[in-house]
Each structure stands twice: as structure tokens, then as C-alpha cells.
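Here is what each chain is made of, one letter per residue.
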Amino acid sequence: MLDLQTISDRLEIESVLVTYVNAIDARDFDALDAVFTPDAHIDYTAMGGIEGSYDKVKPWLAQVLPNFPAYCHMIGNISIQVDGDTARARCVCFNPMTVELAGGVRQTMFLGLWYVDELVRTAQGWRISRRSEEKCFDHNVPEALNTGAS
């Protein structure tokens, strides 16, 4: 049976995960400051992105994601293990993204991945200190974007 603190921690962590996808989908990259610790390490290489510190990845997201006319991130199957002031979380993400091809043609690709996170309790609440992605699948990725990691 879970105690009230563990239930509260899990709900707060789930809220951080949801805040992340909502910030990305709203293109509100400053909202990510409430998701990550300032010294967080982020690895998006499994899906063709970059790896580095939060201060490197945040501006990269703001530069790259506006190149996609439409996208959304839906998370689920959230697993959270709390251990005092640290936690681990894993959730699946389904991410359709529209790309604009030559001649104004649009194509939607479908990406499936797992977010794997380490979190810490801070004075401002739970924050992700380490995030990586595990690729599950991709479908309909334009050749120009395909990194060969399928």
C-alpha cells in the first residue's frame, strides 16, 4: 500500500512529465525551466536529436521544432519509482509530426519512443535531472530526415 507522500510524489512527477509535453507542443520553451534542473543532461540522439546540457538543448529545441508545421506528443504507460528525494520515471510517447517537403507538400511521420528520466526533489518541486530517449518505432519518415536508426 502506498503512503500519502509517495502518492503525492508520483502525482507531482506525472505533472512534470505532462508539463514537458504541453510546453513542447505549445512551443513555450521557457516553460521547460519548470521541468528540468539547470544542470540537467538530456540525450535525444536515439530519435536523431542532440545530447548535452539543458542550456544547450533548450535553444536547440526552440530552433529546430518550429521547422515542423504541426506535431503533438501523447504520453502514457507512466512508471514512477520514488526513493526519498530522487526518482526514476519511464513513459511512452506517441509523436506524429508533419514535415513540409519540396513543392509545399506535407507529410506526417509517426514516432514512438520511451522517455527515461531521473528526477530530483528541489525547493521548487520535482525536476528532471537526466532524460534520455529509447526508440520504439518510426513510420513514414522522409528520406531527408531519416538518420538510418530505424
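You'll find the structure just up there.
Residues numbered from 1 in each chain as written. Predicted model: local features only at pLDDT ≥ 70, side-chain atom pairs only at ≥ 80, totals over all residues. Heavy atoms only, no water.

K.L.:
Hey, could you run me through the overall build of the protein chain in this one?
P.N.:
In terms of regular secondary structure, the protein chain is built from two helices and seven strands. Seen in sequence order, the protein chain has helices and strands lined up from the N terminus as α-β-β-α-β-β-β-β-β. Projected onto the principal axes, the alpha-carbon positions of the protein chain cover approximately 55 × 30 × 25 Å. A total of 150 residues make up the protein chain; the buried ones form 38% of that total. Considering only residue pairs separated by 6 or more positions, the protein chain has 55% of its internal contacts joining residues 24 or more positions apart. A total accessible area of about 8100 Å² is found for the protein chain, and carbon and sulfur atoms account for 53% of it. The centroid of the 12 positive side-chain charges in the protein chain is displaced by 2 Å from the centroid of its 21 negative side-chain charges. (Helix = DSSP H or I, 4+ residues; strand = E, 2+ residues; numbered from the N terminus. Buried < 20%, exposed > 50% of the residue type's maximum accessible area, 1.4 Å probe, protein only. Contact = heavy atoms within 4.5 Å. Areas by Shrake-Rupley, 256 points an atom, 1.4 Å probe, with all protein chains shown as cover. Lys, Arg positive; Asp, Glu negative; His and termini not counted. Charge placed at Lys NZ, Arg CZ, Asp CG, Glu CD.)

K.L.:
Please clarify how the pattern of salt bridges should be interpreted in this entry.
P.N.:
When their charged atoms lie close together, side chains carrying opposite charge are able to pair. All told, the structure shown has nine salt bridges when counted by the stated rule. Asp33 is the partner of Lys58 in a salt bridge, and the nearest nitrogen-oxygen pair spans 3.0 Å. Of the two residues, Lys58 sits in helix H2 (residues 54-64) while Asp33 sits in the loop between helix H1 (4-26) and strand S1 (36-43), which places them 25 residues apart along the sequence. The class of Lys58 is buried, set by a relative accessible area of 17%. Since its relative accessible area comes to 40%, Asp33 is described here as partly exposed. The partner of Arg121 in a salt bridge is Asp85, with the nearest N and O atoms 2.6 Å apart. Taken as a pair, Arg121 in strand S6 (residues 106-122) and Asp85 in the loop between strand S4 (74-83) and strand S5 (86-100) lie far apart in primary sequence, 36 residues in all. When its relative accessible area of 30% is taken as the criterion, Arg121 is described as partly exposed. Owing to a relative accessible area of 48%, Asp85 belongs among the partly exposed residues under this scheme. (Salt bridge = Lys/Arg side-chain N within 4 Å of Asp/Glu carboxyl O.)

K.L.:
I'm lost on a nonpolar patch on the surface in this one. Help?
P.N.:
Together, Leu2, Leu4, Ile7 and Leu11 make up an exposed nonpolar region whose accessible area comes to about 420 Å². Residue Ile7 is classed as partly exposed on the basis of its relative accessible area, which comes to 36%. (Patch = residues over 30% accessible without salt bridge, like charges linked within 9 Å, V, L, I, M, F, W, Y side chains within 5 Å.)

K.L.:
Help me understand the environment of Val18 in this model?
P.N.:
The topology assignment puts Val18 in helix H1. Sequence spacing of Val18 and Val116 is 98 residues, and the spatial spacing of their C-alpha atoms is 14 Å.

K.L.:
Please clarify how the packing of aromatic side chains should be interpreted in this entry.
P.N.:
The description of two aromatic rings rests on the distance between their centres and on the angle between their planes. Inspection of the entire model under this criterion finds six aromatic pairs. When the centroid spacing of 5.9 Å and the interplanar angle of 90 degrees are considered together, the rings of Tyr20 and Phe36 count as edge-to-face. Of this pair, Tyr20 sits in helix H1 while Phe36 sits in strand S1, and the two are 16 residues apart along the sequence. When the centroid spacing of 6.1 Å and the interplanar angle of 10 degrees are considered together, the rings of Phe94 and Phe110 count as stacked. One end of the pair, Phe94, is in strand S5; the other, Phe110, is in strand S6, with 16 residues separating them in the sequence. Three or more aromatic residues link up through ring pairs in this structure, and these residues are Tyr20, Phe36, Tyr54 and Tyr115. Between Arg90 and the ring centre of Trp114, over which it is positioned, the NZ or CZ distance is 3.9 Å. Sitting over the ring of Tyr115, Arg131 keeps its end group 3.9 Å from the ring centre. (Phe/Tyr/Trp six-rings, centres within 6.5 Å; stacked < 30°, edge-to-face > 60°. Lys NZ or Arg CZ within 6 Å of the ring centre and 35° of its normal.)

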